[in-house]
Amino acid sequence: MNEFALIENFFANKTQQRKDVALGIGDDCALVEIPSQHQLAITTDTLVADVHFFKNAMAFDVGYKSLAVNLSDLAAMGAEPTWFTLALTLPDANEKWLDEFCQGLFSCANKYQVQLIGGDLTRGPLSITIEAFGFVPQNEAIRRDQAKTGDFIYVTNTLGDAAFGLHILQNKLSPIHENYFLKKLYRPEPCIAYGEKLRKIAHAAIDISDGLAGDLEHILGKSHKGAIIFVDKLPLSDELRSSLSENEAIELALHGGDDYELCFTAEANVKIPFDCTCIGKITDNLGLDLQFTSGEKYNSTIKGYKHF
Ligand SMILES: [Mg+2]
């Protein structure tokens, strides 16, 4: 199949057709409508085989995750996802791989009601670039640079599970709860609904892709603030607690990647409209201060995942 046949077969009309798309796949550009009093949030991410995922990973999971991680960035800004484009580089036209990849990709797209509006297919080492778009009401986007001294710091759900999934794969382990951890690694769920609810509540937010400590430091750096984190408050799943010592679990929660949970700050004691965990507070002392609630210092030397 040539490029046009592949696009027609695998990509055209596979996602729901949104009313705000005037023209989708098939012309030089897509044409879309943006509601008045809204801003467009735009993000892009590239996943490269054997850097961001294993070449032998299930194509369905690769497809699902490559969109989910982009939607996670929109969630972190409080944006409602709308559309995406896909630039796919494939070593060969392996139709079975492509079919499974598309099933994963479109199951994520349809779950979050985003439409594929364009893209590009090329031959080369396997890599996937997605650009995702979303709406956010004017001036309500949640940025990284607005954390205030005295804010409480929160995270959604639990941390460290996906990182333990990666550890399982890298060391060829098969522990109890293996499927739980692998699912957390392969099928992250972007926190879209949380992000939208935080619009007028959170001062600053980020999605945790490279580990809580490293990602929180982006908020601190942009906001020119510091933070105290109480490591014994970090939310850990029962599965993680039962698989590791407390210290190992804390290390994964702080420095493991791939959680795609939200870390956000909000004025102390303001009501958060969903369950989440308060893990510390924003201070004027620059840097990240890790301690136990008892006041004892926590010593950790590992840094978050850095791409370069
Ligand atoms: Mg992000």
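Data block above holds the structure.
Below, the structure is looked at part by part. All figures in this text were calculated on a predicted structure; none of them were measured in a lab.

Criteria and cut-off values
- Residues numbered from 1 in each chain as written.
- Predicted model: local features only at pLDDT ≥ 70, side-chain atom pairs only at ≥ 80, totals over all residues.
- Heavy atoms only, no water.
- Salt bridge = Lys/Arg side-chain N within 4 Å of Asp/Glu carboxyl O.
- Helix = DSSP H or I, 4+ residues; strand = E, 2+ residues; numbered from the N terminus.
- Buried < 20%, exposed > 50% of the residue type's maximum accessible area, 1.4 Å probe, protein only.
- Disulfide = S-S within 2.5 Å.
- Donors = N, O, S within 2.8 Å, 3.2 Å for Na, K, Ca; no water.
- Pairing = 2+ DSSP bridges.
- Axes fitted to C-alpha atoms, helices over the stretch in contact; angles between N-to-C directions.
- Contact = heavy atoms within 4.5 Å.

Some thoughts on the pattern of salt bridges
- In the structure shown here, the tally under the stated rule is nine salt bridges.
- The salt bridge involving Lys200 is made with Glu140; its shortest N-O contact spans 3.6 Å. With Lys200 in the loop between helix H6 (192–197) and strand S8 (202–207) and Glu140 in the loop between strand S6 (127–137) and strand S7 (152–155), this pair connects stretches of sequence that are 60 residues apart.
- Classification of Lys200 by relative accessible area gives exposed; the value is 70%.

Points about the state of the cysteines
- In this structure the tally under the stated criterion is zero disulfides.
- Unpaired in terms of disulfides, Cys263 finds its nearest cysteine sulfur in Cys278, a separation of 10 Å.
- Judged by relative accessible area, Cys263 falls into the buried class, the value being 1%.

Quick word on the coordination of the magnesium ion
- Protein-derived coordination of the magnesium ion comes from Asp73 (OD) and Asp207 (OD), at a distance range of 2.0 to 2.1 Å. In this pair, Asp73 is assigned in helix H2 (residues 59–77) and Asp207 in strand S8, connecting sequence segments 134 residues apart.
- By relative accessible area, Asp73 is classed as partly exposed at 22%.

Points about the sheet that holds strand S9 (residues 226–230)
- Taken together, the six strands give an open sheet; going across it, the order is S8-S10-S7-S11-S9-S12, and neighbouring strands pair in mixed fashion. Edge positions in the open sheet fall to S8 and strand S12 (287–291), since each of these has one partner strand only. Ignoring which end each strand starts from, the neighbouring axes of this sheet average 25° apart.
- The strands that helix H7 (residues 212–223) touches are S7, S8, S9, strand S10 (262–266), strand S11 (277–283) and S12; relative to S8, the one it contacts most, it runs at about 140°.

Considering the sheet that holds strand S5 (residues 115–123)
- Strand order in the open sheet formed by four strands is S3-S6-S4-S5, and the pairing between neighbours is mixed. With partners counted over all chains shown, the strands left at the sheet margins are strand S3 (38–48) and S5, one partner each. Direction aside, neighbouring strands of the sheet carry axes that sit 15° apart on average.
- Two elements, strand S4 (residues 80–90) and S5, share eight bridges in a ladder whose sense is parallel. Bridging from a neighbouring strand, Leu88 pairs with Leu121 of S5.
- Docked against the sheet, H2 engages S3, S4 and S6, running at close to 30° with respect to S6.

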